[in-house]
Amino acid sequence: MSALRRKLYRDAWRHRGPLSAIAVVMTCGVALFIALRSMHGYLRERQAAYYADSRFADLFVRVTRAPRGLAARVRAIPGVGAVEARVVSASRMDVPGLDEPATALLVSLPEPGQPGLNTVVLRAGQLPAAGRPDQVLASEAFARANGLGPGDSLAVILRGRWERVQIAGTAISPEFIYEIPPGAASVFPDNRHFGVIWMPAAGLAAALDLTGAFNDLVLRFAPGAIPLDIVERVDALLAPYGGTGAYLRADQVSHQFVDSEIAETRVTSIFLPGVFLGVTAFLLNLVLSRLVATEREQIAVLKAFGFRDGVIARHYLAFAAIPVGVATIPGGALGLWLAGQFAAIYARFYQFPNAAWHADPAVLLLAVGVSGGAGLLGALGAVRRVVRLPPAEAMRPEGPATYRPGFLDRAGVVNRVPLAVRSIARSLQRMPLRALLTVTGLALAIGLTLAGLFMFDAIDYLKRLQFEVASRQDASVAFDIPLALGVRDELARLPGVRQVELRRDVPVRLRHGNRTVRTGLQGVEPGAELQRIVDDAEHVHRPRGGLLLTATLADRLGVRPGDLIEVDLLEGHRRSVTLPVSGTVRQMLGHGVYAELALVAELADEAPAATSALLRVDPRYRDALNQRLRALPAVAGVGWLDATLAGFEKTIAESFRISLVTLVLFAVIIAGGVVYNAGRITLAERGRELASLRVLGFTRGEVARMLLGEQGLLLACAIPLGLVVGTALAWLVVTRFSSDLFRLPLVVSAWSRVFAVGVVLIAGVVSGLLVWRRLARLDLVAVLKTRE
Amino acid sequence: MATSVGVVFQATGLSKRYRMGEIDVWALRGVDLELQGGEFVVLLGPSGSGKSTLLNILGGLDVPTSGTVRFLDHDLTVDDDAELTRFRREHVGFVFQFYNLIPSLTALENVALVTEIAERPLDPVEALRLVGLEARLHHFPAQLSGGEQQRVAIARAVAKRPDVLLCDEPTGALDYETGLMVLQVLEKVNRELGTTVAVITHNAAIAGMADRVIRLRSGQVVDVTRNARRLAPTELSW
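Residues numbered from 1 in each chain as written. Chains lettered and ligands numbered in written order. Predicted model: local features only at pLDDT ≥ 70, side-chain atom pairs only at ≥ 80, totals over all residues.

Just checking my understanding: could you explain the overall build of chain A for this structure?
In terms of helices and strands, chain A carries 22 helices and 22 strands. With respect to the principal axes defined by its C-alpha atoms, chain A has extents near 100 × 55 × 50 Å. Within the span of chain A, comprising 788 residues, buried residues form 47% of the whole. Excluding contacts between residues fewer than 6 apart, the proportion of contacts in chain A whose partners are at least 24 apart in sequence is 84%. (Helix = DSSP H or I, 4+ residues; strand = E, 2+ residues; numbered from the N terminus. Buried ≥ 20, exposed ≤ 12 C-beta atoms within 10 Å, placed from the backbone. Contact = placed C-beta atoms within 7 Å.)

This is the structure:
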């Protein structure tokens, strides 16, 4: 081993504390990079493969009843690749082990075999056998939530009659990755009470009086298709058959959710590792600069002996490479492990089939490249100084650190504070960039923790807004067909029902200028109390005398209160009317348009009717009520709010806990690494100074206060900045997460702030104690004997 | 305030052993020593003679392996960091070869730092006037020459009115003229404030300005001489 190599290893061993801290931060960066990057790539890849394998449709449209022959005409539209005409209907379902009725979305399955588009992936059991109209497939999430499997049976209502069906198998489909009932008031999946049931087409069509016809059509584009052109033609073709307006995959609810969440992981996969690698570069720069400063004479000797600049530069680069190299192994391993964990969690969450995760060598290679780049970035400044150092100058000891009156002196601030503080202030203003970077590192640590905690605050807030402020019913009952308002009295007579509120939902197309949005018009009672339209500020809005639009919808249409919009009703008499926008409401969840029940009836040119009811129920009568509701043929489904809430909480707990723990842990590592290294470097730089103070009779505590005071001051500066950074990150998350369906509120609780600051403070104190231990061991005599 | 008469330091049988890797090194072997109040003593010896170790023990920076050493009523053999710190704080002023000023504080502030922890300190400006630096109060160490920095160090050491001023090779890093100026300051402090001064050096020429000269070699006192007449620093030459 060459002498220079030996020096390298000994130097590294001597600096094992700071280098370890750097390696740990770097490990986190590498691990996060690999984990998030792989996960994003994996999700995109799985999504694309799943969509391709299942021939997921590009366009979706509902009709009332169209002859099957019409499908061929749709197929003939230029740009259409494949068409699948189906029968789809919502129905009430009686699930064994479930007291309340559940809702099924019945989807026809060709006999025998698979549909041409949106094919299903069998997860257990088999496809319904030929000649067995009573055999069905159940969606996997629904089956699992209810403990059902192949061989179990359940009952569905077909044409007002209970029919028993047997589960032949469980399946998943890209159309229902995110499973919520059509037109649901809640955007949260409730897998116990809602499931997709695929039934043999003939039986389903017959039951719904749709033999030889279809009421739902999906199609896939051929290469080179012009989507909007096809939408227009499909609508024209299907309008006479009750077409409710074709929409593209981008507006398909399940796809929308999955796609926006995958997009989110990409931002995270760049931002989070970036923070860690940036902090690593900074710490490396700190340590290496210090090493070069103390080794001036050694460098000069090496140069005097004739070592070339390149060799010496390589020596110090190699020093930087040690923590980087060391970090890639555990970082890579941790990253791969985390990637596997994340992949498993998300694959389960998104129900992607064939979800075996495998390491992507390209990501690993990129991780090595990126971490090497960060290392190089950190080492560059110090190594440049090594190369530039003339041998003669290097042989002379470095003079006392150059201090001049800084801006704080000129501002007269410094003269008013105690000398110890004065010394800290001057030391900080002498190296403002370092101070700035230290503060930034600490602020990022606080910010990351806060942004992680914010997710919980936001979800808590949403939960409260949705389940306490907006929805105050105990149960909601959906009807098969619109019922006359007399249903209110019928429901009120049921056991335990204390209050009934009716709603009428109609699919509509809204038009303003050349903008069109297909959505649901929700008719509500004028004094609705059980389900209220609530904005961000928890104010209740009512749609008096016109249309009340959610703000996202109003933005999409480009309308403001007072504007007129055209409303095409996509049901019944299919009238088109022009109505004023009476107001907009900035809602967190869902998008839609509201009007008073009576207005909806007037628009539809029908007697006032309801498609669902909200009930407030005496809990003692819950079972009795379930029984009675189950017996009512017009009831398509019953949803209990507490069950929805429980499902919501379970989903959140599963998907967020691991990321929060990871985030907080990593934030602690950043904070610890920054405080510890900054403290160690300050100790190294000011060791003589502090030893002289000890000799002069200053106690260890007084000296520690001067040393750690600097770190403390930086930490104090980092706290407000960190809170700002955290809020900014939260804001970033809010904007990235916002979709038409879902908006996160920017709420950060006081507890989260305290926790984020506390975590970093504790990391700071622990690092401070480590430095304090070194200070206690400071050899006064040796320090004073050495020439700087 | 320095005592003008009587013994301030009393050391008997002082030994100090260092462990250097695998071997034991005896830096002091049974040193007996007394320092009188107000005395100017020069400890003379080559490198490795143990003079720095002796100074460190007298200054409460180190403790002997065996033997006793007392400063008035302080027992300096007790290895108690807080106790030794208090002793240094109340009684000792140090001057080092490499000045050891705080680079982020001005000359005045460096002195003021010490007067903040002293009970009856000199005015910092007064202390700097004593070393002839009244015109350089607001300069940072980097803006001062080596001799000026050493004079600030002396001002800092005397500003808290220590009973004893311990100087470890105070002129070691300075050229002749500057060294001379520093010695004049030490002499002045001894004369005007009555502070006991102990200077260690390997420069025999400096011995001429002392009341007593203690010679060390290989960790033992080999010779103690008393000068009949103290020479003024200007009369010294090396």
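It is not clear to me how the overall build of chain B should be interpreted in this structure. Could you clarify?
Along its length, chain B carries 6 helices and 10 strands. Taking 238 residues into account, the globule formula puts the C-alpha radius of gyration at 18 Å, and chain B, at 17 Å, falls close to it. Going through the 238 residues of chain B one by one, you find that 52% of them count as buried. Long-range pairs, those at least 24 residues apart, make up 70% of the contacts in chain B with a sequence separation of at least 6. (Rg over C-alpha atoms; globule rule 2.2 N^0.38 Å.)

What's the story with the pairing of strand β3 (residues 88-94) of chain A in this structure? I'm lost.
For a regular strand, the rule is simple: side chains alternate between the two faces of the sheet. Residues and elements named next belong to chain A. Here β3 runs beside strand β4 (residues 102-109); their pairing, made up of 6 bridges, is antiparallel. Residue pairing across strands places Met-93 opposite Ala-102, the latter belonging to β4. As defined by bridge partners, β3 adjoins strand β7 (residues 153-158) across 2 bridges and the pair is classed as antiparallel. Among the inter-strand pairings, Asp-94 is bridged to a residue of β7, identified as Ala-155. (Pairing = 2+ DSSP bridges.)

Help me out: how do you make sense of the sheet that holds strand β1 (residues 59-67) of chain A in this one?
Where strands meet in a sheet, backbone hydrogen bonds hold them as pairs that are either parallel or antiparallel. Residues and elements named next belong to chain A. As summarised here, the arrangement of the 4 strands in space is β2-β10-β1-β11, forming an open sheet in which the pairing is antiparallel. Edge positions in the sheet fall to β2 (80-86) and β11 (247-248), since each has one partner strand and no second. Pairing of β1 with strand β10 (residues 213-221) involves 6 bridges; the strand directions are antiparallel. Within β10, the position partnered with Pro-67 by the bridge is Ala-213. Contacts from helix α6 (residues 227-238) reach β1, β2, β10 and β11 within the one sheet, and its direction differs from that of β1 by about 15 degrees. (Axes fitted to C-alpha atoms, helices over the stretch in contact; angles between N-to-C directions.)

Looking at this model, I keep getting lost on the domain arrangement of chain A. Mind explaining?
The figure often quoted for interface size is the accessible area lost as the parts come together. Segmenting chain A into domains produces domain 1 (90-200), domain 2 (431-470 + 643-788) and domain 3 (497-617). On a C-alpha basis, the centroid separation for the pair domain 1 of chain A and domain 2 of chain A is 49 Å. (Domains from an automatic or database assignment.)

Mind showing me how you'd approach helix α1 (residues 3-14) of chain A here?
Given 3.6 residues to a turn, an α-helix orients residues that are three or four positions apart in the same direction. In a regular helix each residue adds 1.5 Å, so 12 residues correspond to 16 Å; α1 of chain A covers 16 Å between its end C-alpha atoms and thus fits that length. With respect to burial, α1 of chain A is a largely exposed element, only 0 of its 12 residues being buried. (Expected span 1.5 Å × (residues − 1).)

Can you walk me through the interface of chain B and chain A in this structure?
Across the contact, 25 residues belong to chain B and 24 residues belong to chain A. Of the residues assigned to the side of chain B that touches chain A, the class counts are 15 nonpolar, 4 polar and 6 charged. (Nonpolar A, V, L, I, M, F, W, Y, C, P; charged D, E, K, R; others polar.)

Sorry, what's going on with the nonpolar core here?
As a rule of thumb, soluble globular proteins bury nonpolar side chains together. Val-25, Leu-442, Ile-670 and Val-760 of chain A together with Ala-155 and Ala-198 of chain B are the most contacted members of the largest nonpolar core, which has 303 residues in total. In terms of residues, this core owes the most to one element, helix α2 (residues 16-53) of chain A, which gives 19 residues. Discounting chain neighbours no more than four positions away, the residues touching Val-760 of chain A are Leu-442, Ala-445, Ile-446, Ala-667, Ala-671 and Gly-722 of chain A. (Core = buried A, V, L, I, M, F, W, Y, C linked by C-beta atoms within 7 Å.)

Please explain the packing of helix α9 (residues 309-350) of chain A against helix α10 (residues 361-388) of chain A as it appears in this structure.
Geometrically, a packed helix pair is captured by the angle between its two axes and the distance between the axes. Residue and element names in this part refer to chain A. One way to put it is that α9 packs onto α10 with a least axis distance of 9 Å and a crossing angle of 150 degrees. When the axis of α9 is compared with that of α10, the two are roughly antiparallel. Crossing of α9 over α10 shows right-handed handedness. Within the contact between the two elements, α9 uses Asp-309, Ile-312, Ala-313, Tyr-316, Leu-317, Ala-320, Ala-321, Val-324, Ala-327, Thr-328, Gly-332 and Gly-335 and α10 uses Leu-364, Ala-367, Val-368, Ser-371, Gly-372, Gly-375, Gly-378, Ala-379, Ala-382, Val-383, Val-386 and Val-387. (Parallel < 35°, antiparallel > 145°, perpendicular 65-115°, else oblique. Left-handed = near helix turned anticlockwise from the far one by under 90°.)

Help me understand the pairing of strand β9 (residues 212-217) of chain B in this model?
Residue and element names in this part refer to chain B. Of the pairings in the sheet, the one linking strand β3 (residues 40-44) to β9 comprises 4 bridges and is parallel in character. Each residue of the ladder has a partner; that of Leu-44, found in β9, is Arg-215. Summarising the sheet, β9 and strand β10 (residues 220-226) pair through 6 bridges and their orientation is antiparallel. Residue Arg-212 lies in a different strand from β10, and its bridge partner there is Arg-226. Hairpin remark: β9 followed by β10, antiparallel, with 2 residues in the connecting loop; positive phi at Ser-218, about 50 degrees.

Looking at this structure, I do not really get the environment of Gly-527 of chain A. What am I missing?
If you trace the backbone, Gly-527 of chain A turns up in the loop between β14 (515-524) and β15 (533-534). Expressed as a C-alpha distance, the spacing of Gly-527 of chain A and Glu-501 of chain A, which sit 26 residues apart in the sequence, is 9.3 Å.

Just checking my understanding: could you explain the sheet that holds β9 of chain B for this structure?
Residue and element names in this part refer to chain B. Strand order in the open sheet made by the 6 strands is β6-β7-β8-β3-β9-β10, with mixed pairing throughout. One side of each edge strand has no neighbouring strand; the edge strands of this open sheet are β6 (92-95) and β10. If you compare each strand with its neighbour and ignore which way they point, the axes differ by 20 degrees on average. Lying over the sheet, helix α5 (residues 146-158) contacts β6 and β7 (164-168), oriented at roughly 175 degrees with respect to β6.

Would you take a moment to explain the packing of helix α7 (residues 253-294) of chain A against α9 of chain A for this structure?
Residues and elements named next belong to chain A. Their axes nearest at 12 Å, the elements α7 and α9 cross at an angle of 165 degrees. One finds that α7 runs roughly antiparallel with respect to α9. Here α7 runs over α9; the crossing is right-handed. Contact residues: Val-258, Leu-284, Leu-288, Leu-291 and Val-292 in α7; Tyr-316, Phe-319, Ala-320 and Tyr-350 in α9. Among the residues making up the contact of α7 with α9, the classes are represented as 9 nonpolar, no polar and no charged.

Got a minute to help me understand unusual backbone geometry in this structure?
Most peptide bonds take the trans form, and the phi angle of most residues other than glycine is negative. Although it is not a glycine, Asn-118 of chain A adopts a positive phi angle of roughly 50 degrees. One can find Asn-118 of chain A in the loop between β4 and β5 (121-125). If you check the backbone angles, Arg-161 of chain B has positive phi at about 50 degrees while not being a glycine. By the element assignment, Arg-161 of chain B lies in the loop between α5 and β7. Looking at Arg-161 of chain B, the number of C-beta atoms within 10 Å reads 19, which means it is partly exposed.

Sorry, what's going on with the environment of Asp-563 of chain A here?
Residues and elements named next belong to chain A. Relative to the helices and strands, Asp-563 resides in the loop between α16 (551-557) and β18 (564-569). With 16 C-beta atoms counted inside 10 Å, the residue Asp-563 sits in the partly exposed group. With 16 residues separating them in the primary sequence, Asp-563 and Leu-579 have C-alpha atoms 8.4 Å apart. With residues near it in sequence (within four places) discarded, Asp-563 still touches His-512 and Val-581.

Looking at this model, I keep getting lost on the confidence of the model for chain B. Mind explaining?
The predicted coordinates of low-pLDDT regions are not to be read in fine detail. Here chain B shows a mean pLDDT of 87. Residues at 70 or above account for 98%. Both scores are available for the predicted complex, with the pTM at 0.72 and the ipTM at 0.78. (pLDDT = per-residue confidence, 0-100.)

What exactly am I supposed to notice about the confidence of the model for chain A here?
Model confidence for chain A is summarised by a mean pLDDT of 85, while 95% of its residues fall at 70 or above. The weakest mean pLDDT in chain A belongs to helix α11 (residues 391-395) of chain A at 64; the strongest belongs to β10 of chain A at 95.

Looking at this structure, how should I read the environment of Pro-240 of chain A?
Its location among the elements puts Pro-240 of chain A in the loop between α6 and β11. With 348 residues separating them in the primary sequence, Pro-240 of chain A and Met-588 of chain A have C-alpha atoms 36 Å apart.

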